[in-house]
Amino acid sequence: MDDQAFSNLFQAYSSLMFYIAKDILKDAYLAEDIVQEAFIKVIQNPQAVIHGDEAKTRSFLCTITRNLAINLYHKNKRVISLDQVEEAYFVAQKSPSAEMAYFDAHPLDEAIRKLPALYRDVLVMAHVYEMETRQIAFYFGLKDATVRKRLERARKMLGKILEEEAVP
Amino acid sequence: MNDLNQDQVKEKLSAYHLQEWAAYDQVPDHDFPEGFEKRIYARALEETGKKARIKKRGPLLALAAVLVFFFIGGAFSRYKNRVYSGQIPNPGLYYQLQFKVPEAFQLVRSRSNEDEVDLHYMDRDFHYIIFERSLREKEAWLPSGPKSYQDYEERGIRWHDHLYDYRVYSNLDKEGFEKLLESNDFIGQFKH
């Protein structure tokens, strides 16, 4: 990725990425570190953002920022459980917007919405961006094994939510 | 999940993914520190360069690893077939001592001063081989031994042989000790 392309990305999305990271970490300096980490990853492997689809690029950058920030949050609170991380994130997350209301129309939409963000994000990377475990691990700053486990859990969880919804 | 239509999952996830972040359409601009953007780009390039260099140096590193492996192997082999050597101070005369002991024996005591040289080896079964040499009173080290060394005999350690000026004690029986002497591993040589 050349410096002009990076500069364009930075100008367009850095504040948004900062906002997402700060929402989770509650610390401006740590949030800046996360923005830096996310951009370094994208510069090193720009395949996911060079398709020219602005909305997809934006969502991709937001997603990796969120995951990197949650990782850091987790590292800084080593004893905290994954559920607590989820909880901490959802406290900071905005309520589902009105625009998203139509998703409830399909059971799968509802199941996706109910899925915790950490699990939904690995599914997005695997299915929407068609990334391999290794690539997801790179962007999210996780071990391959962690991604594999998270994917497995996400799929099970999605299936379970759908089953529960199917029961009248 | 396996039962789900993969295309449908992809489509729904994609739609959610794009829509989810639409809620963050208006966020305040953040003032990053000066030069922040440039530093990120420079660091990314630096890290990419490092990775490329590591990739390029891969074969070299592998070769280095093999050499280190052989070096350690060689050192270990030398340790196993160790040759102790040293210069023993003696008024007006220096002796060089070189000998080997079987692998099973470890040096458990080593003393060397102007009066004597004293080396004790022991194996796991508490078999001793003791090399002793007086540098002053050679007569005092005759097989009958000075009284102070009777405690060796009490412990079943007895004089076995003279090797040049050294007296060799061991608690091995005669047969066992002779067997050791025959072994090529045992005494290499004593040099004066």
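For the structure itself, consult the block above.
Let me sum up the structure you'll find in this document.

Definitions and limits used
Residues numbered from 1 in each chain as written. Chains lettered and ligands numbered in written order. Predicted model: local features only at pLDDT ≥ 70, side-chain atom pairs only at ≥ 80, totals over all residues. Heavy atoms only, no water. Helix = DSSP H or I, 4+ residues; strand = E, 2+ residues; numbered from the N terminus. Buried < 20%, exposed > 50% of the residue type's maximum accessible area, 1.4 Å probe, protein only. Contact = heavy atoms within 4.5 Å. Areas by Shrake-Rupley, 256 points an atom, 1.4 Å probe, with all protein chains shown as cover. Buried area = accessible area lost by both parts, 1.4 Å probe. Salt bridge = Lys/Arg side-chain N within 4 Å of Asp/Glu carboxyl O. Pairing = 2+ DSSP bridges.

## What about the overall build of chain B?
Then step 1. Within chain B one finds five helices and eight strands.
Then step 2. Taken from N to C terminus, the helices and strands of chain B fall in the order α-α-α-β-β-β-β-β-α-β-β-α-β.
Then step 3. Looking at chain B residue by residue over its 192 residues, the buried ones come to 31%.
Then step 4. Long-range pairs, those at least 24 residues apart, make up 39% of the contacts in chain B between residues at least 6 apart in sequence.

## Side note on the overall build of chain A
Then step 1. Each helix and strand counted, chain A has eight helices and zero strands in total.
Then step 2. For chain A, the exposed area adds up to about 8200 Å²; of that, 50% sits on carbon and sulfur atoms.

## Here's the deal with the environment of Phe138(A)
Then step 1. Inspection of the secondary structure assignment puts Phe138(A) in helix 7 (residues 133-140).
Then step 2. Judged by relative accessible area, which is 21%, Phe138(A) ranks as partly exposed.
Then step 3. Considering only alpha carbons, one finds Phe138(A) and Ile64(A), 74 residues apart in sequence, at a separation of 9.9 Å.
Then step 4. Among all residues touching Phe138(A), those that are not within four sequence positions of it are Lys41(A), Gln44(A), Asn45(A) and Lys51(B).

## Quick notes on the interface of chain A and chain B
Then step 1. Tallying the contact residues gives 54 residues for chain A and 36 residues for chain B.
Then step 2. Summed over both sides, the interface between chain A and chain B buries roughly 4200 Å², with carbon and sulfur atoms accounting for 67% of that surface.
Then step 3. It is Glu32(A), Gln36(A) and His127(A) in chain A that bury the most area against chain B; as a group they hold 12% of the surface buried on that side.
Then step 4. Our enumeration of links across chain A and chain B arrives at four salt bridges.
Then step 5. The shortest N-O distance in the salt bridge between Lys10(B) and Glu130(A) comes to 2.7 Å.

## Things to note about the side chain of Gln36(A)
Then step 1. Along the chain, the position of Gln36(A) falls in helix 2 (residues 28-44).
Then step 2. In this view, Gln36(A) contacts Phe36(B), Ile40(B) and Arg43(B); residues no more than four positions away in its chain are not counted.

## Brief notes about the environment of Val35(A)
Then step 1. Topologically, Val35(A) is positioned in helix 2.
Then step 2. Every residue in contact with Val35(A), bar those within four places of it in the chain, is listed here: Ser14(A), Met17(A), Phe18(A), Phe32(B) and Phe36(B).

## Overview of the pairing of strand 4 (residues 116-122) of chain B
Residues and elements named next belong to chain B.
Then step 1. In terms of residue burial, strand 4 counts as a mostly covered element, since six of its seven residues are buried.
Then step 2. In this structure, strand 3 (residues 106-112) lies alongside strand 4, joined through six bridges in antiparallel fashion. Bridge pairing in strand 4 links Gln106 to Met122.

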